[in-house]
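Each chain, written out:
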Amino acid sequence: MDFADLAEGWEVWHAEKARAVLTFRPDVFDTDAFPAPCLPTIHLTHGQRGRRPGRHDPDTSDPWYVTLYLEPEISAGQEQFESRTAAREGAREMAAAFLAGDIDYRDCYQVPRPDYLARLDELTGWE
């Protein structure tokens, strides 16, 4: 999958035919400063992302999903698309909205990580 023109700080971590993972500033959210699960990611998947291990082969009629994760179990939003092209554009827009501080990720936490959220605020301009 092609992800030209991603918002600053986002990069393609993994891409294949039916899914892709984008990461935000892996140089900042490394295992030294923050635990590895704190790396913000955007997952683009054809069909619902399965929780069971093994290969997931979606039907061609399945929708595409774009999901922003702050941590593996903390989602900051999901959108559904009818095509891979639309989902790719949705992922680009979600990355740009995150960088612009337009996504209120603080409300996603029941038990916040103050240092982590302060660093996200600094990088995204969120106030």
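Check the entry above for the structure.
Residues numbered from 1 in each chain as written. Predicted model: local features only at pLDDT ≥ 70, side-chain atom pairs only at ≥ 80, totals over all residues. Heavy atoms only, no water.

Caption draft 1: Quick peek at the pairing of strand E3 (residues 41-46). Burial within E3 is extensive, with 6 of its 6 residues counted as buried. Judged by which residues are buried, E3 turns out to be covered on both faces: Thr41, His43 and Thr45 on one side and Ile42, Leu44 and His46 on the other are all buried. By the bridge criterion, 5 bridges tie strand E2 (residues 19-24) to E3 in an arrangement that is antiparallel. Bridge pairing in E3 links arginine 19 to threonine 45. Direction of pairing for E3 relative to strand E4 (residues 64-71): antiparallel, over a ladder of 6 bridges. (Buried < 20%, exposed > 50% of the residue type's maximum accessible area, 1.4 Å probe, protein only. Helix = DSSP H or I, 4+ residues; strand = E, 2+ residues; numbered from the N terminus. Pairing = 2+ DSSP bridges.)

Caption draft 2: Focus on the sheet that holds strand E5 (residues 74-81). Strand order in the open sheet formed by 5 strands is E1-E2-E3-E4-E5, with antiparallel pairing between adjacent strands. Each of the sheet's edge strands pairs with one partner strand only, and the pair in question is strand E1 (10-16) and E5. Across the sheet, the mean angle from the axis of one strand to that of its neighbour is 15°, orientation sign disregarded. The pairing of E4 with E5 spans 6 bridges and is antiparallel. (Axes fitted to C-alpha atoms, helices over the stretch in contact; angles between N-to-C directions.)

Caption draft 3: Looking closely at the nonpolar core. Trp10, Phe29, Ile42, Leu70, Phe98 and Tyr116 are the most contacted members of the largest nonpolar core, which has 33 residues in total. Top contributing element to this core by residue count: helix H1 (residues 84-99), with 5 residues. Ignoring any residue separated from it by four or fewer positions in sequence, one finds tyrosine 116 in contact with Phe29, Phe34, Cys38, Pro40, Leu70, Glu71 and Tyr109. (Core = buried A, V, L, I, M, F, W, Y, C linked by side-chain atoms within 4.5 Å. Contact = heavy atoms within 4.5 Å.)

Caption draft 4: Expanded view of the packing of aromatic side chains. Evaluation of the coordinates by the stated rule reveals 7 aromatic pairs. Centroid distance phenylalanine 24 to phenylalanine 98: 5.1 Å. Interplanar angle 75°. Geometry classified as edge-to-face. Taken as a pair, phenylalanine 24 in strand E2 and phenylalanine 98 in helix H1 lie far apart in primary sequence, 74 residues in all. By the burial criterion, phenylalanine 24 is buried, and phenylalanine 98 matches it. Arranged with centres 5.6 Å apart and planes meeting at 80°, the rings of phenylalanine 29 and tyrosine 116 form a pair that is edge-to-face. Separated by 87 residues along the polypeptide, phenylalanine 29 in the loop between E2 and E3 and tyrosine 116 in helix H2 (residues 114-124) bring together distant segments of the chain. Accessibility assignment for this pair places phenylalanine 29 and tyrosine 116 in one class, buried. Among the aromatic residues, those joined into a ring-pair cluster are Trp10, Phe24, Phe29, Phe98, Tyr105, Tyr109 and Tyr116. (Phe/Tyr/Trp six-rings, centres within 6.5 Å; stacked < 30°, edge-to-face > 60°.)

Caption draft 5: Region of interest: H1. The first and last C-alpha atoms of H1 sit 23 Å apart over 16 residues, in line with the 22 Å expected at 1.5 Å per residue. Residues of H1 that are buried include every one of Ala87, Arg88, Gly90, Ala91, Arg92, Met94, Ala95 and Phe98, and no others. Its buried side turned inward, H1 meets E1, E2, E3, E4, E5 and H2. One or two steps after H1, the chain reaches glycine 101, where phi turns positive at roughly 80°. (Expected span 1.5 Å × (residues − 1).)

Caption draft 6: Representation of the environment of glutamate 8 within the structure. Relative to the helices and strands, glutamate 8 resides in the segment before E1. Owing to a relative accessible area of 67%, glutamate 8 belongs among the exposed residues under this scheme. Filtering out sequence-adjacent residues up to four positions away, glutamate 8 remains in contact with Phe24 and Leu99.

The values are spatial; any link to function lies outside them.
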